[in-house]
Amino acid sequence: MSLASPGPEIRVAIPRALHSLCEFSPHSPHPELTLRGADVRALLADLLRRYPQVHVRLCDERGDPRPHINVFVNDDHVRARAGLDTPLAEGDLVSLLPAVSGG
Amino acid sequence: MPSRVVVAVGTRKGLFVFEGGATSKKLELRGPFFHGMPINATFIDCRTKSPRVLAVPSSPWFGTTIQVSKDLGKKFKPTKSAPAFTADDGRTLKNVWSLGAGSHAKELLCGVEPAALFRSTDSGESWEKVSSISDHPHARTWMPGAGGLCLHTILHHGGALHLGISTGGHYASRDGMQTFEPENTGVGAAFQPVRNPEYGQCVHKIAAHPDKPERLYMMNHGGFEEDPTLGVLRSDDGGKSWTSIAKGLPSDFGFPIVVHPHDPDTVYVMPLAPNTRTCPDGNPAIWRSTSAGAKWEKLSKGLPKKDAYFTILRDGMDVDNGKKPSVWFGTTTGQLWRGREGGDEFECVASALPPIHCVKVAVVD
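What counts, and at which threshold
- Residues numbered from 1 in each chain as written.
- Chains lettered and ligands numbered in written order.
- Predicted model: local features only at pLDDT ≥ 70, side-chain atom pairs only at ≥ 80, totals over all residues.
- Helix = DSSP H or I, 4+ residues; strand = E, 2+ residues; numbered from the N terminus.
- Rg over C-alpha atoms; globule rule 2.2 N^0.38 Å.
- Buried ≥ 20, exposed ≤ 12 C-beta atoms within 10 Å, placed from the backbone.
- Contact = placed C-beta atoms within 7 Å.
- Pairing = 2+ DSSP bridges.
- Axes fitted to C-alpha atoms, helices over the stretch in contact; angles between N-to-C directions.
- Core = buried A, V, L, I, M, F, W, Y, C linked by C-beta atoms within 7 Å.
- Domains from an automatic or database assignment.
- Nonpolar A, V, L, I, M, F, W, Y, C, P; charged D, E, K, R; others polar.

Student: Explain the overall build of chain A to me, using residue names and the numbers behind them.
Tutor: Counting its regular elements, chain A contains two helices and five strands. In summary, chain A has a C-alpha radius of gyration of 13 Å against a globular reference of 13 Å for 103 residues, a match within 12%. The dimensions of chain A, computed from C-alpha atoms along their principal axes, are 35 × 30 × 25 Å. Each of the 103 residues in chain A was classed as buried or not, and the buried ones make up 29%.

Student: Before we move on, can you summarise the overall build of chain B with the specific residues and values?
Tutor: Summing up its helical and strand segments, chain B has two helices and 29 strands in all. Over its C-alpha atoms chain B spans a radius of gyration of 19 Å, differing by no more than 12% from the 21 Å that the globule rule assigns to 365 residues. Taking the principal axes of the C-alpha coordinates as reference, chain B spans close to 50 × 50 × 40 Å. The burial tally for chain B puts 52% of its 365 residues in the buried class. Look at the contacts in chain B between residues 6 or more apart in sequence, and 49% of them connect residues 24 or more apart.

Student: I'd like a description of the sheet that holds strand β21 (residues 257-259) of chain B, backed by residues and values.
Tutor: Residue and element names in this part refer to chain B. Taken in spatial order, the four strands make up an open sheet running β21-β22-β23-β24, and their pairing is antiparallel. The two strands at the open ends of the sheet, each matched to only one other strand, are β21 and β24 (297-299). Strand-to-strand twist of the sheet, defined as the mean angle between neighbouring strand axes without regard to direction, takes the value 30°. Sheet topology note: the strand β23 (residues 286-289)/β24 ladder contains three bridges and is antiparallel. Bridged to W287 within β24 is K298.

Student: Can you lay out the nonpolar core for me, pointing to particular residues and giving the numbers?
Tutor: All names here are of chain B. Ranked by size, the top nonpolar core spans 104 residues in total, and within it V7 and V9 carry the most contacts. For this core, the element with the most residues is strand β29 (residues 356-364), which contributes six residues. Both of domain 1 (1-78 + 311-365) and domain 2 (80-309) provide at least three residues apiece to this core. Residues within four places of V9 in sequence aside, it is in contact with L15, F16, F18, G330, L336, L353, I356 and V359.

Student: Could you give an account of the interface of chain B and chain A, naming the residues involved and the relevant values?
Tutor: One frequently used descriptor of interface size is the decrease in accessible area upon assembly of the parts. In this complex, chain B contributes 10 residues to the contact, which on the side of chain A involves 12 residues. Residue composition of the side of chain B that touches chain A, by class: seven nonpolar, three polar and no charged.

Student: Any chance you could break down the domain arrangement of chain B for me, citing the residues and the numbers?
Tutor: All names here are of chain B. One can read the domain layout of chain B as domain 1 (1-78 + 311-365) and domain 2 (80-309). Averaged C-alpha coordinates put domain 1 and domain 2 at centres separated by 20 Å. Taken together, the contact between domain 1 and domain 2 spans 33 residues of the former and 31 residues of the latter. At the level of secondary structure, the elements contributing two or more residues to the side of domain 1 that touches domain 2 comprise β4 (39-45), β5 (52-59), β25 (317-319), β26 (327-330), α2 (340-343) and β28 (345-350). Of all the elements, β4 adds the most residues to the side of domain 1 that touches domain 2, at four residues. Residue composition of the side of domain 1 that touches domain 2, by class: 14 nonpolar, 11 polar and eight charged.

Student: Describe the pairing of strand β14 (residues 160-166) of chain B, and please don't skip the residues or the numbers.
Tutor: Residue and element names in this part refer to chain B. Counted residue by residue, β14 has seven buried out of seven residues, so it is predominantly covered. The side-chain alternation of β14 yields two buried faces, one formed by A160, H162, G164 and S166 and the other by L161, L163 and I165. Note that strand β13 (residues 150-157) and β14 share seven bridges and pair antiparallel. The residue bridging T153 from the neighbouring strand is G164, located in β14.

Student: Provide a residue-level description of the sheet that holds strand β2 (residues 14-21) of chain B, including the pertinent values.
Tutor: Where strands meet in a sheet, backbone hydrogen bonds hold them as pairs that are either parallel or antiparallel. All names here are of chain B. On the basis of which strands lie adjacent, the open sheet formed by four strands has the order β3-β2-β1-β29 and antiparallel pairing. Bordering the open sheet on either side are β3 (28-33) and β29, each of which pairs with just one other strand. Strand-to-strand twist across the sheet, computed as the mean angle between neighbouring axes with direction ignored, equals 15°. The pairing of strand β1 (residues 4-11) with β29 spans eight bridges and is antiparallel. Considered in β29, the bridge of A8 is made with K360.

Student: Could you give me a rundown of helix α1 (residues 40-50) of chain A, with the residues and numbers involved?
Tutor: Residue and element names in this part refer to chain A. Across the 11 residues that make up α1, a large majority, eight, are buried. Along α1, the positions that sit buried rather than exposed are V40, R41, A42, L43, L44, A45, D46 and L47. Those residues of α1 that are buried are in contact with β1 (9-13), β2 (33-36), α2 (52-58), β3 (69-73) and β5 (93-98).

Student: Describe the environment of A:P52, naming the residues involved and giving the relevant values.
Tutor: Note on placement: A:P52 falls in helix α2. The exposure class of A:P52 is exposed, given the 12 C-beta atoms found within 10 Å.

Student: Break down the environment of A:P31 for me, citing the residues and quoting the values.
Tutor: All names here are of chain A. Along the polypeptide, P31 turns up in the loop between β1 and β2. Given 15 C-beta atoms within 10 Å, P31 falls into the partly exposed group. Sequence separation between P31 and L88 is 57 residues, and the spatial gap between their C-alpha atoms is 20 Å. Ignoring any residue separated from it by four or fewer positions in sequence, one finds P31 in contact with H19, C22 and F24.

Student: How would you explain the pairing of strand β15 (residues 169-173) of chain B if you had to name every residue and give the values?
Tutor: All names here are of chain B. For β15, the tally of buried residues reaches four of five residues, placing the bulk of the element in the interior. Bridge count between β14 and β15: five bridges; the pairing is antiparallel. Its bridge partner lying in β15, I165 is registered against G169. Counting the residues between successive antiparallel strands, the hairpin from β14 to β15 contains two residues. Examined bridge by bridge, β15 and strand β16 (residues 181-182) share two bridges and lie antiparallel to one another. What sits directly across from A172, in β16, is E181.

Below, the structure is given as structure tokens:
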């Protein structure tokens, strides 16, 4: 984890239900946030600093993703890699997606 | 302007608000607000000049917000923050179960799961944990019931603040929330190794009338054949000790208990079959006592006579404060019922809402 270092620039996809909290341009074809972090944990810390109103909806009081929020780095769920310590590189896409519900 | 009745109905899939003339047959329905989100707590705050309707949507994905309407439930706006534990507390907020009035017009209290109490002194914009109960030495030993470990009842009464916790029991503060003590003498727990533990009871709801500061009513977890005196209780000493008032009821199991706004001796419950938590024999009825629980009468005029197997949850019943109050209740099958003249005759106000978690009603000018 490297909170002191700004880390690489990372694209972050946010659930559509929270887009109204992100001030995206209405003309943006792929609304994404651009955040920094050397790993997922640092990225979520950057989300807290810059978009606290989004962070509180996606993460609990301990800073962990809420139980029904899945975190992917590119195509991989972070649980298949190193969890919140999964390292990030310039150009990665981190997707914060609500888990599917229903049958 | 003639009096209006406002009913805030929290369901598994959002909030619905009904409004109309206090005695009107037809009510306007607004909503659903926060569609798809469970609403376990609503509060109609009549302490301010213009009543405010508050609701707490708890999204399984995106957490909890406190929403406030200043126009009787036409538009809602979130407050700046919702109750939350600090990162070093170790607990994370799972749900909000109760919203209630504090000691002044801007103070709100909020009961959450895992059982803890939060206070706001700025009408819900910011919140702080009330450590005297949330970090009480007992708190880490409370256990969850089937509904979760929740602080569900917040009641200012008789100069004390009374809390109901499932399963923690009844706690009261008599020093402005500086300290809380368990007050459960006579409150049984058939699911514990001893019948009368100091704390740890599965209290379902507590109610009282301001004109009788020494008296409180409690729905405790009953329904045990071998001991039918656990479930419906009354205290005549301000909550320090409790005795059964269940004699005459078909069951001492139920969730809500409410008191008539103009008569402290009149109290309402809905007994349920303990094993299924549904209407006994499929025959729903509210039961009313006008003698503080000494005698009970069945109120079922207008309700289904058979084949009705719903449940009323702990906050699913309320009585309005009109001149001739109505008893209102919502069912887990999505029906909202109104019993006019204190429950003498019921009519179905809405028949196909999502499962109803909570009903709060007020008559406003």
